[in-house]
Every structure is written in C-alpha cells, then in structure tokens.
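# Report on the structure
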Amino acid sequence: MKKRLATVSLAGCFGCHMSFLDIDERILDLVQLVEFDKSPFNDFKKFTQHCDIALIEGGCCNEENVRTLQEFRANCDILVAVGQCAIMGGLPVMRNAIMHSNDPLRECLEEAYNDSDYVYNPTNEIPNDPALPLLLDKVYNCTEVVKIDYQIPGCPPSGDTLWYALVALLKGNPYELPSELIKYD
Amino acid sequence: MEEKKRRLFVKQSCEKFKNSRFRLLDILWEIQNGLGGIEGPVMEQVGKLIGVSRVHVEGLVTFYAFFSDRILGKIIIRLCDDIVDQFFGLDKIIEVFSEELGIKPGQTSLDGRFSFELTPSIGMSDQAPAALINDVVFPKLTPGSVKKIIRQLKEGVPVFKVDDTCGDGNNASALIHSSVMNNIRHTGKVILSDSFLPEKGLERCLNLNPAEVIKEMKDSGLRGGGGAGFPSGLKWELARKAEAEKRHVICNADEGELGTFKDRVLLTERAPMMVEGMTIAAYAIGSSEGIIYLRAEYAYLRPWLENILEKRRDTNLLGKDILGKTGFHFDIRIQLGAGAYICGEESALICSCEGLRGEPRIRPPFPVEKGYMGQPTIVNNVETFCCAARIFEKGFDWFSNIGTDKSAGTKLLSVSGDCKKTGIYELAYGTAVADLLEMAEAHDTAIVQIGGASGEMIGRIDFNRKICFEDLATSGSVMVFNSQRNVLKIVDSFLKFFIDESCGYCTPCRVGNVFLRERIQKVMHGDANHSDLDYLRQLSNLIIKTSRCGLGNASPKPVLSSLEHFPIVYASHLHEPREGLQRQFNIQKALEESRRIAKRRSMIYDPVYYDTN
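Throughout what follows, the structure given in this document is the object of discussion. Numbers given for residues are sequential positions, taken from 1 along each chain in its written order. Each chain gets a letter, beginning with A, and each ligand a number, beginning with 1, in the order they are written. With the structure being a predicted model, the display of local features is reserved for residues of pLDDT at least 70 and the display and counting of side-chain atom pairs for 80 or more, all residues being used for whole-chain, interface and lining totals. Side-chain calculation: all heavy atoms of the structure are included, whereas hydrogens and water are not.

## Considering the overall build of chain B
Broken down by element type, chain B carries 26 helices and 17 strands. When a residue's accessible area, from a 1.4 Å probe over protein chains only, is under 20% of the maximum for its type it is buried; when over 50% it is exposed; and in between it is partly exposed. Counting every position in chain B, which comprises 613 residues, the buried fraction comes to 58%. Within chain B, contacts between residues at least 6 apart in sequence are counted, and of these 70% link residues at least 24 apart. When the accessible surface of chain B is totalled, it reaches about 25300 Å², and 51% of it is carbon and sulfur. Charge counting follows a simple rule: Lys and Arg are positive, Asp and Glu are negative, and His as well as the terminal groups are ignored. Note on charges: their place is set at NZ of Lys, CZ of Arg, CG of Asp or CD of Glu. Averaging the locations of the 78 positively and 79 negatively charged side chains of chain B gives two centres separated by 3 Å. The numbering of helices and of strands both runs from the N terminus, where a helix is a DSSP run of H or I of at least 4 residues and a strand a run of E of at least 2. Any two residues having at least one pair of non-hydrogen atoms within 4.5 Å are treated as being in contact. Method for areas: the Shrake-Rupley scheme with a 1.4 Å probe, in which residue coverage is limited to the protein chains shown.

Written out as structure tokens, the structure reads:
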C-alpha cells in the first residue's frame with residue numbers, strides 16, 4: 001500500500017521545498033510509492049486522513065507555526081525535520097540574539113520596521129492586523145515544540161539527499177548517505 | 001588617590017620586582033592591595049614599565065579571580081558558595097550579608113568600604129559556611145555571627161581584630177592567629193604522627209648520592225598526593241636525566257579541588273616537614289631554586305611560612321652548602337596565586353609562576369623536561385613532599401609496607417558535609433569508604449563524592465569500595481551527603497563551578513559545559529525525556545575527548561558518574577512527551593510579550609470571551 005506523505009513550510013523560505021523539486025523526473029517514481037496529503041505541492045489545505053510521514057521545513061516564529069506543527073504531530077506517525085531552520089532555527093533564530101534587552105521582541109520589530117537605515121516607513125507603524133498571527137517571544141526549533149523523529153541537515157538539503165533519505169525511510173532501509181551529500185563545510 | 005601619586009606607586013611596585021615580567025603576578029598583587037583594583041590606565045603603565053602589551057596585563061587581571069579591573073572596597077568579603085556551604089545555610093548567610101551591607105553579591109557599596117563577592121572553595125569545607133574577609137578567614141558563619149562581624153567592621157575595628165578566638169594547634173600562634181580549626185580526627189603513621197624526627201631524613205640523604213636517593217624514592221612506591229598519582233620517584237628521575245643548567249622544585253600548595261583542605265592543615269602543622277621534603281628533592285634532582293605556590297585563599301598562612309623559611313636559612317637548612325654539604329645550595333620563594341582552580345594543574349601552575357595566565361600547556365614536552373623558565377621542573381603536592389621527608393627518615397621499606405600493593409603509604413582525606421566529625425583523616429591506602437564514614441560518624445549517608453568535583457560520585461552500593469589508586473583514586477576530598485540531599489543539585493553546582501573556572505580557550509569546555517548544565521536543569525525541572533540522557537552522555541564524551549586540558553576532561557565527570565551510580569534519580573525526573581508535545585514549551589508564556597505589544601489576544605490560543613462566559 002502507498003504511504004501517505006504530508007509536507008509543510010513553517011518559518012522557512014520554501015527553499016527546502018524547492019530543493020525537493022530537484023529530484024526531477026524521480027517524482028514519477030515517488031508517486032508510485034506515496035500518496036500526497038496536506039502539502040504545498042498539491043495545495044491541500046487540510047489533512048484528509050492520518051498520514052505516515054511528514055516533512056517539516058522551518059522552525060516556529062509565530063503562533064500559527066506552533067498550531068500547524070502540533071497539528072502535524074497529531075496527524076502523522078513520523079515527523080522529519082528538513083533543513084537548518086527546522087533543526088536549529090536557521091536564519092530566523094538570529095533574532096534570539098537580542099536577549100539582553102528588556103523587551104527583545106519590541107526591539108526586533110522596531111529594528112525591522114522603523115530604526116533600520118534601509119526602511120522607508122513614514123507612518124512609523126508596525127503591522128498589527130488582527131489577521132496576522134502573534135509572534136512568539138523567540139524563535140523555537142521544531143524539537144523544542146514537539147517530538148521530532150528524524151532530521152535531514154542542509155540549507156537546503158539537496159534533491160539527492162532528500163530523495164535517498166525519503167526512499168530509505170519509505171522502504172525501511174538503513175539511512176546511509178554518502179558524506180558528500182551531508183557534509184557542508 | 002590622585003594621578004601623580006598613583007603613577008609613582010605603580011612605578012615603585014614594578015621596581016620592587018625589578019620590572020620583571022616574570023613577576024607580573026606579584027606586581028599585580030602589590031597594586032591590587034595598594035589601589036584596590038587595577039584599572040585600564042594602570043594596566044597600560046605596568047605594561048610599559050615591564051615591557052609587555054597592555055592586553056597581556058589585562059589578560060592576567062581578568063583571568064585571576066582575586067584581581068579586579070575596577071576599584072573594590074577597602075574590605076572585600078569573599079563568601080564561599082560550594083555545595084557543602086549551600087547545604088549548610090548559605091542562602092540565609094548571603095541574605096544577612098546583603099541586608100547588613102546593603103549590597104548584593106558582586107557589588108561594592110557606594111561609600112567604597114565594602115565589596116561582597118561569592119567565590120568557589122576557600123578550603124574550609126569542614127567548617128562551612130565560611131568567608132574570607134580580606135586575608136582573614138571567618139569559619140562557621142551563622143546569621144548572628146555575620147551581623148556581629150559587620151557591626152564591628154562598620155565601627156572601624158580592623159579585620160584581623162574582629163574575631164579574637166583562636167583555633168587549635170599552630171592556628172593560635174602569633175603569625176597565623178586565625179580562628180580556623182585543624183580538625184585532625186585521625187592521625188596515621190606517616191605524616192600526622194608525632195614520631196617524626198626533623199631533619200633526620202635530610203641528613204641521611206646528604207650522605208647518599210643523588211642517584212641512590214632517587215632509587216630509594218622509587219622503591220618506596222610513593223605516588224603523588226594531588227590526585228593523579230604519578231610515581232614521584234620516576235618524576236624525579238626524569239627531571240634529573242634531562243640535560244639543563246638549572247632545575248626547579250615546585251611545591252603545589254594550590255589545592256582548589258572542591259572539598260579538600262588537607263594542604264591547609266599540612267601548611268599549618270607540617271610546614272617544616274614539607275620544606276625538608278623539598279630540600280631532599282632539590283638534592284636528588286640537582287636544583288638550587290624552589291617555589292612554594294601558595295593559593296591566594298591561604299594568604300593568611302604566608303607570614304607563618306616565610307618565618308619557617310627564614311628560620312631554616314638561619315640554621316643552614318636552606319641557603320648555601322646546606323648542612324655542610326659543599327656545593328648543595330637551595331633556597332625557596334613563595335609565589336602567591338590569585339584564585340584560579342586550573343593553576344592546580346602543573347603546567348598551568350608553572351605558567352602562573354612565570355607571570356602568565358594560568359593556562360595549561362600542550363604536553364609533551366612535560367614539565368620534567370621543559371618546565372619553569374623552560375628548565376626541568378618537578379611539581380609535587382604538599383603531601384608528597386611530606387611523605388618524602390618521612391621516607392628518608394624511616395626507610396623506604398617501612399613506607400612501602402603501609403597501604404596496598406600499588407598505593408603505598410597513607411592518604412590524608414578531607415571529610416566534609418553531612419557527618420558529625422568533619423575534618424582530616426590520615427588513613428592507610430585501601431581503607432573502605434564505609435569504615436571512613438563510620439569514623440566520621442556519618443549516619444544516613446546516601447551519596448559520597450570522592451575526589452572533588454572531578455572525582456566519582458558513589459551511592460550506598462559502592463560503600464565497600466576502597467580508597468586507593470587501584471579502586472577509588474582521590475585527591476583527598478570526601479564530601480558526604482545524607483539521603484535528604486538532591487543528586488542533581490550537587491551535579492548542577494559542580495557544573496556551575498566548572499563553567500566559572502573554564503579559561504575559555506577551547507570551545508568544547510567553554511560552551512559544552514554550559515550546554516551540560518542547561519540539560520541538567522531541564523532534568524531537574526522535570527521537562528526532560530530519555531533522549532536528553534543520551535544527549536548528556538554524548539556531549540560529555542565529546543567534551544572529554546576534544547578539550548584542551550584536564551579541566552575539560554574532568555568537567556563532565558559529575559554528569560557521567562551520577563548517571564552511572566544514580567540512574568533511578570534521573571529516571572524519576574523524566575517525563576516522556578505526552579502526545580508528542582514537549583513539556584518545556586509553554587505557548588502561553590511564549591505569547592505574553594507579543595500580546596502586550598500588539599494589544600490584542602491570540603486568535604488561536606486564547607479562549608474567545610463568549611466561549612467562556
């Protein structure tokens with residue numbers, strides 16, 4: 001039976017998803033192995049049923065990320081953190097460095113929308129539409145919020161890396177990647 | 001002090017030590033004591049005078065805990081914050097100090113009279129909680145006594161006159177005059193026995209040739225008393241064999257290991273014996289210069305030691321042609337440390353003697369080949385030198401018959417914590433932990449930490465293990481904890497100590513220990529699951545493998561040791577994630593700041609008003 005696969009991009013740049021598309025024509029092989037459920041690839045907004053595997057890109061920077069991640073945990077058996085943002089927080093986590101301030105979040109917003117020399121914002125307003133999810137006090141990586149089963153490092157992991165890792169997981173084979181695929185220095 | 005006077009004072013301080021950069025530690029002591037601190041312009045001036053960069057000077061000032069780059073108060077209170085002190089009411093004592101002085105730890109009062117600081121181990125664990133006020137030790141503090149002390153200090157009573165009581169033994173002598181107690185609970189055959197005949201060993205040595213002295217030393221089976229247990233005779237032989245014009249003998253009196261205080265007692269009661277041992281060593285390896293590296297916490301013993309050295313010079317036991325042996329010259333100077341745990345490591349200690357930051361050197365070359373000033377150097381513990389004197393008095397076979405096969409002689413154990421009779425026990429190697437506990441009248445003991453923070457933490461099941469190099473090696477520290485004490489709190493306290501003492505040179509030690517402590521605290525708060533224990537093990541092994549020196553090799557020991565001997569304590573704190581959600585993640589807390597800034601509630605995580613009403 002085909003496994004059900006879901007994917008999501010939280011506080012990430014969609015780079016890992018783009019990289020996933022680099023598996024090129026192998027996507028034809030992949031659809032022989034899996035059925036896509038909730039994912040940006042097919043634009044399913046909701047889970048249709050319980051899934052076997054989920055690929056998570058990005059960490060959590062706002063409440064909506066947290067809810068989505070918790071939803072994935074509840075609806076999928078295996079969560080795979082894909083890429084640096086999901087594993088360590090990645091670029092977004094740099095805002096956690098504003099930790100010596102009394103009000104780090106406000107300082108972050110001021111810097112982004114007012115104080116920076118490269119911002120043109122004559123009204124000095126910080127976006128605060130009720131439709132915008134609230135930001136978290138800092139950026140959390142996925143492991144800090146839910147239990148994560150596997151991690152695929154990279155920024156982004158290459159199409160080959162993702163392909164080999166996913167196939168190994170689907171077939172229950174040992175996860176052995178040649179070092180050139182996971183060595184980044 | 002005005003600018004001109006200050007510059008003159010700094011100039012004189014440097015001249016006192018001949019503007020030598022190798023005596024920078026002494027120069028900085030002089031300035032710290034005179035000016036109350038070593039500020040930027042002073043560092044610059046010192047650098048110019050002795051011919052090093054300002055950064056070099058600043059490196060020392062910031063490395064050593066007893067130096068300060070800002071001006072401290074006239075009266076500096078350093079309260080010991082070891083785990084033993086914590087278990088004996090440290091919090092209350094800190095509170096009383098803060099209340100009476102109006103300053104928190106780390107601060108200086110506005111009138112510039114008082115500075116209040118917390119410091120690790122001052123070697124008074126048997127009479128905790130204890131504090132150093134300037135040079136003077138105030139053991140066994142209680143909230144009442146603290147109030148009394150501060151009141152007197154505020155009235156202007158000089159620090160050394162505040163506490164008029166005197167301890168036992170030489171503590172009562174005019175040169176020490178301290179209320180510290182020796183607390184010698186058990187005297188063994190070798191060091192603390194009364195049967196010692198001074199200078200007999202030295203006289204006998206001088207009739208032998210150095211090679212014979214080294215041979216006897218090797219045959220005695222004596223191993224270093226500082227913890228590592230390197231055969232002393234072999235060390236002497238290696239130093240003798242190394243080709244050089246000059247060789248050095250250094251006595252390591254920098255016991256910084258948490259919970260040890262044996263050297264304090266030896267320096268008080270057996271200093272002549274130790275110096276005799278050093279003299280024998282000097283004769284054996286062919287050295288004419290010796291150094292006693294005295295830890296800053298024991299500065300109150302310095303006049304006493306200087307006096308002993310002076311007396312020995314007068315009686316031709318030090319100096320030229322000692323005891324009529326032509327050509328055998330030997331003299332000793334005291335180098336005061338400045339509060340760095342790592343200086344107990346021999347190569348770091350040598351750096352410190354040379355007026356550098358106390359950073360361990362890469363080995364080889366070992367100090368016996370290239371040590372102090374690049375010349376062959378032996379560094380031995382206070383206890384080791386005492387044993388040496390005794391070995392030559394009584395004969396090596398007498399000595400090697402005491403103890404076990406591979407650990408000859410006796411060991412001084414510093415027992416502290418939850419037992420009635422804390423203090424010094426001199427016991428033959430091979431004594432079981434249980435026997436020691438019985439002697440110390442420790443009931444309801446659950447945890448024994450052998451060998452200080454970097455040693456082993458054992459539980460009841462291991463109390464029949466023996467204290468010797470074959471089984472439980474130790475520097476002498478034995479901390480006893482009863483069943484009410486929290487293992488994790490002890491581990492956490494040790495890690496804090498290592499984080500503070502890490503010199504920051506290599507990343508595994510500087511960063512790794514912080515991560516270890518974070519994870520231990522996660523366990524303490526009940527937020528951890530079993531994978532966190534795997535992480536602790538992996539990270540510990542990584543730190544041990546990749547650190548540059550012994551501090552990093554030892555710092556994960558409390559974690560590994562407690563994981564091995566107290567798995568149930570860890571297990572009882574673990575919670576597996578419920579439905580895959582991590583316990584420590586609190587969405588309400590994470591949103592608090594955002595709600596305040598956005599001035600609205602969360603659409604996802606806050607209940608809608610009409611839902612609840």
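## Brief notes about the sheet that holds strand S11 (residues 410-417) of chain B
Residue and element names in this part refer to chain B. The strand order across the open sheet formed by six strands is S6-S12-S11-S17-S14-S15, and the pairing between neighbours is mixed. Two strands close off the open sheet at either side, each with one partner strand: strand S6 (184-186) and strand S15 (456-459). Direction aside, neighbouring strands of the sheet carry axes that sit 30° apart on average. Two strands make a pair as long as DSSP finds a minimum of two bridges between them. Sheet topology places strand S14 (residues 445-450) next to strand S17 (residues 477-482); five bridges connect them, and they run antiparallel. When the bridges of S17 are listed, Ile450 appears paired with Val478. Angles shown run from 0 to 180 degrees and are taken between the N-to-C directions of axes, each axis being a line fitted to C-alpha atoms and, for helices, limited to the stretch in contact.

## Details of a nonpolar patch on the surface
All names here are of chain A. What makes a patch is a set of residues exposed beyond 30% relative accessible area and free of salt bridges, joined within 9 Å when like-charged and within 5 Å when nonpolar (Val, Leu, Ile, Met, Phe, Trp, Tyr). For this document, the term salt bridge refers to a Lys or Arg side-chain nitrogen within 4 Å of an Asp or Glu carboxyl oxygen. A surface patch of nonpolar side chains, amounting to about 600 Å² of accessible area, comprises Phe14, Met18, Leu21, Ile27, Leu28, Val31 and Phe41. Of all the secondary structure elements, the ones that give two or more residues to the nonpolar patch are helix H1 (15-21) and helix H2 (26-33). For the nonpolar patch, the element with the highest residue contribution is H2, accounting for three residues. Along the polypeptide, Leu21 turns up in helix H1.

## Some details on the pairing of strand S5 (residues 76-82) of chain A
Residue and element names in this part refer to chain A. Most of S5 is tucked away: five of the seven residues are buried. For strand S3 (residues 51-57) and S5, the ladder comprises six bridges, and the chain directions are parallel. Within the sheet, the bridge partner assigned to Ile53 lies in S5 and is Ile78. In this sheet, strand S7 (residues 150-152) lies alongside S5 in parallel orientation, the contact comprising three bridges. The residue of S7 that forms the bridge with Val82 is Ile152.

## Focus on the side chain of Gln335 of chain B
Residue and element names in this part refer to chain B. Of note, Gln335 is situated in strand S9 (residues 331-336). Polar side-chain contacts of Gln335 include one of 2.7 Å to the side chain of Arg333. What Gln335 contacts, discounting residues up to four positions off in sequence, is Arg23, Leu25, Asp26, Ile291, Ile292, Tyr293, Leu294 and Cys353. Distance and chemistry together define a polar contact, namely a pair of N or O atoms within 3.5 Å, with one atom able to donate a hydrogen and the other to accept it when in protein, and with adjacent residues in sequence counting only for side-chain atoms on both sides.

## A look at the interface of chain A and chain B
On the side of chain B, 23 residues touch chain A, which itself brings 25 residues to the contact. Taken together, the two surfaces of chain A and chain B that pack against each other cover about 2100 Å², and 57% of this comes from carbon and sulfur. Two parts placed together each lose some accessible area; with a 1.4 Å probe, that loss summed over both constitutes the buried area. Considering only the surface of chain A that becomes buried against chain B, Glu63, Asn128 and Leu134 of chain A emerge as the three largest contributors, covering 26% of it. Summed over the shared surface of chain A and chain B, the number is one salt bridge. Of all the elements, helix H3 (residues 63-75) of chain A adds the most residues to the side of chain A that touches chain B, at six residues. Grouping the amino acids of the side of chain A that touches chain B by side-chain chemistry returns 12 nonpolar, three polar and 10 charged. Amino acids outside the nonpolar list (Ala, Val, Leu, Ile, Met, Phe, Trp, Tyr, Cys, Pro) and the charged list (Asp, Glu, Lys, Arg) are all regarded as polar, and Gly is one of them.

## Re the sheet that holds S5 of chain A
All names here are of chain A. Spatial strand order, S2-S1-S3-S5-S7: five strands in an open sheet with parallel pairing. The open sheet has two edge strands, strand S2 (34-36) and S7, and neither has a second partner. Going from strand to strand, the sheet's axes swing by 30° on average, the running direction of each strand aside. Judged from the three bridges that link them, strand S1 (residues 3-9) and S2 form a sheet pairing that is parallel. Bridge pairing in S2 links Lys3 to Val34. Helix-sheet contacts for H2 involve S1 and S2, and the interaxial angle to S2 is about 95°.

## Things to note about unusual backbone geometry
Residues and elements named next belong to chain B. In the segment running from Ala128 into Pro129, the intervening peptide bond is cis, with an omega of -10°. Of note, Pro129 is situated in the loop between strand S3 (114-119) and strand S4 (131-133). Across the junction of Pro364 and Pro365, the peptide omega takes the value 5°, indicating a cis bond. One non-glycine residue, Asn19, lies in the positive phi region at around 50°. Mapped onto the elements, Asn19 comes out in the loop between helix H1 (3-16) and helix H2 (24-35). You can call Asn19 partly exposed: its relative accessible area is 30%. Phi at Asn183 is positive, roughly 55°, even though this residue is not glycine. Mapping Asn183 onto the fold places it in the loop between helix H8 (159-162) and S6. A relative accessible area of 14% places Asn183 in the buried class.

## With respect to helix H19 (residues 487-501) of chain B
Residue and element names in this part refer to chain B. Counted at 1.5 Å a residue, the expected span for H19 with its 15 residues is 21 Å, and the 21 Å between its end C-alpha atoms agrees. Those residues of H19 not exposed but buried are Val487, Leu488, Ile490, Val491, Asp492, Ser493, Phe494, Leu495, Phe497, Phe498 and Glu501. Capping the start of H19 is the job of one residue whose side-chain oxygen sits 2.9 Å from the backbone nitrogen of Leu488: Asn486. Each residue after the first adds 1.5 Å to the expected span of a helix.

## Topic: the pattern of salt bridges
Oppositely charged side chains can pair when the atoms bearing their charge come close. Residue and element names in this part refer to chain B. The final tally for this structure, using the stated rule, is 47 salt bridges over all chains. Here Asp219 and Lys215 are joined by a salt bridge, their closest N and O atoms 2.8 Å apart. Note that Asp219 and Lys215 are positioned in helix H10 (residues 210-220) at a spacing of four residues, about one turn of the helix. Note on Asp219: relative accessible area 35%, which makes it partly exposed.

## Focus on the nonpolar core
Here is a general trend for soluble globular proteins: nonpolar side chains tend to be buried in one another's company. As used here, the term nonpolar core means buried Ala, Val, Leu, Ile, Met, Phe, Trp, Tyr and Cys residues forming a set that is joined through side-chain atoms within 4.5 Å. By size, the foremost hydrophobic cluster in this structure holds 147 residues, and its most contacted members are Val46 and Trp236 of chain B. Top element by residues in this core is helix H13 (residues 271-285) of chain B. It accounts for 11 residues. In this view, Trp236 of chain B contacts Ile214, Met217, Gly277, Ile280, Ala281, Ala284, Ile285, Ile378, Asn380, Phe385 and Ala388 of chain B; residues no more than four positions away in its chain are not counted. In this structure, Leu136 and Ile148 of chain A together with Ala590 and Tyr605 of chain B belong to the second largest nonpolar core, which totals 29 residues.

## A word on the packing of H10 of chain B against helix H16 (residues 382-394) of chain B
Residue and element names in this part refer to chain B. As a packed pair, H10 and H16 sit with axes 11 Å apart at the nearest point and diverge in direction by 105°. The orientation of H10 with respect to H16, classified from their angle, is roughly perpendicular. Only Ala388, Ile391 and Phe392 of H16 make contact with H10, whose side of the interface consists of Val213, Glu216, Met217 and Ser220. Broken down by class, the residue content of the contact of H10 with H16 amounts to five nonpolar, one polar and one charged. Angles below 35 degrees are treated as roughly parallel, those above 145 as roughly antiparallel, those between 65 and 115 as roughly perpendicular, and all remaining angles as oblique.

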